[in-house]
Amino acid sequence: MTYNEVLEQARGDIGAYCKACPVCNGRACKNQIPGPGAKGVGDTAIRNYDKWQEIRVNMDTLCAGGAVDTEFSLFGQTFAYPFFAGPVGAVNLHYSEKYDDMSYNKVLVSTCAQEGIAAFTGDGTNPKVMEAATAAIGETNGLGVPTIKPWNLDTIKEKMELVRQAGAFAVAMDVDAAGLPFLKNMNPPAGSKTVEELAEIVKMAGVPFIVKGVMTGKGAEKAMEAGASAIVVSNHGGRVLDQCPATAEVLEEIADAVGGSMKILVDGGIRSGTDVFKALALGADGVLICRPFVVSVYGGGSEGVRAYIEKVGGELRDTMQMCGAHSLAEITRDMVR
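Remarks on the pattern of salt bridges
On inspection of all chains with the given rule, the structure shows 14 salt bridges. Here D13 and K98 are joined by a salt bridge, their closest N and O atoms 3.1 Å apart. Residue D13 is found in the loop between α1 (3-10) and α2 (43-54), and its partner K98 is found in the loop between α3 (91-94) and α4 (101-114); the two are separated by 85 residues along the sequence. Classification of D13 by relative accessible area gives partly exposed; the value is 23%. Using a relative accessible area of 41% as the deciding quantity, one classes K98 as partly exposed. Put simply, D176, K212 and D267 are held in one network by salt bridges that share partners.

Rendered as structure tokens:
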């Protein structure tokens, strides 16, 4: 199954909001929530994609030939590529009833593990979202990253127990979800966290903790102060705040602030293996890709996910070879402009 066939199949199965576009650039879905879009006009999601396209790669084939190694290590786990499937929750609300969170995560988490990468999984107001996600991760012997919303501390404790039962090798919190409409006016309050609150959550985790939703060097330093092992440079896919910078625009600043002290992942508008290469050149250790994985599940199940992983992996290998990098460590800043 090719990725184009995945897209064609998805268009009949994915619901009214997502259009399974040939290029997922945020334009067709814009401000649709429910759906993959954003509150407001949705300009940040569009900017995320566009800014990666403005970065160009520097071709250099006057170098030694040989095979390309895309192997990536994170928290004691070794992966075939430096990209992961990003978290999504309540898929039957945002897409269609073809999948619920149990069936979606069962396909995504297991196929990613089989193909040598890992999936981050989502969370939601319905407890079954996290229960389904952690159950799927447990079935892969912990090869996945549950992502918890920034609830109140008592709710987070309950979610962390599910993470422990799953044996997940790491856990994340998408603090950028504080901008989602359903988190506002909750009782007890949910949303933004102080450094002290975040430090308490990090201790609670018991496994490497990833803070998703960092968009400034100062924010990265605060995550590090709280004891996080990694961050995801992310604006929640452009869904939570209009007029926000693209992740490509802030990645270098953040890498300068904390690179070498903690792992840096990035998401937002990354759609190809060439985009992955650009992110690594700008200082990321790895990337997350979300919406295209949703389309892949709806368009082809396990076969669709496999087709997308092979597509992105092949593009990354080709870009590395054409730019003179034979391992991830050899990808440097001067390979992009």
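Concerning the packing of aromatic side chains
Within the structure shown, the criterion is met by 10 aromatic pairs. Between F79 and F84, the ring centres sit 5.2 Å apart and the planes meet at 85°, which makes this aromatic pair edge-to-face. Considered together, F79 and F84 belong to a single accessibility category, that of buried residues. A centroid spacing of 6.5 Å and a plane angle of 40° characterise the contact between W151 and F182, whose relative ring orientation is tilted. Here W151, found in the loop between β5 (144-148) and α6 (153-166), pairs with F182, found in the loop between β6 (171-174) and α7 (195-205); they are 31 residues apart in sequence, far enough to count as distant. The class of W151 is buried, set by a relative accessible area of 4%.

Remarks on the packing of α6 against α7
As a packed pair, α6 and α7 sit with axes 10 Å apart at the nearest point and diverge in direction by 25°. With respect to each other, α6 and α7 are oriented roughly parallel. By crossing handedness, the relation of α6 to α7 is classed as right-handed. Taken together, the residues of α7 that come into contact with α6 (itself represented by L153, I156, K157, M160 and R164) are E200, I201, M204 and A205. Looking at the contact of α6 with α7, its residues break down into six nonpolar, no polar and three charged.

Cut-offs used in this document
Residues numbered from 1 in each chain as written. Predicted model: local features only at pLDDT ≥ 70, side-chain atom pairs only at ≥ 80, totals over all residues. Heavy atoms only, no water. Salt bridge = Lys/Arg side-chain N within 4 Å of Asp/Glu carboxyl O. Helix = DSSP H or I, 4+ residues; strand = E, 2+ residues; numbered from the N terminus. Buried < 20%, exposed > 50% of the residue type's maximum accessible area, 1.4 Å probe, protein only. Phe/Tyr/Trp six-rings, centres within 6.5 Å; stacked < 30°, edge-to-face > 60°. Axes fitted to C-alpha atoms, helices over the stretch in contact; angles between N-to-C directions. Parallel < 35°, antiparallel > 145°, perpendicular 65-115°, else oblique. Left-handed = near helix turned anticlockwise from the far one by under 90°. Contact = heavy atoms within 4.5 Å. Nonpolar A, V, L, I, M, F, W, Y, C, P; charged D, E, K, R; others polar.

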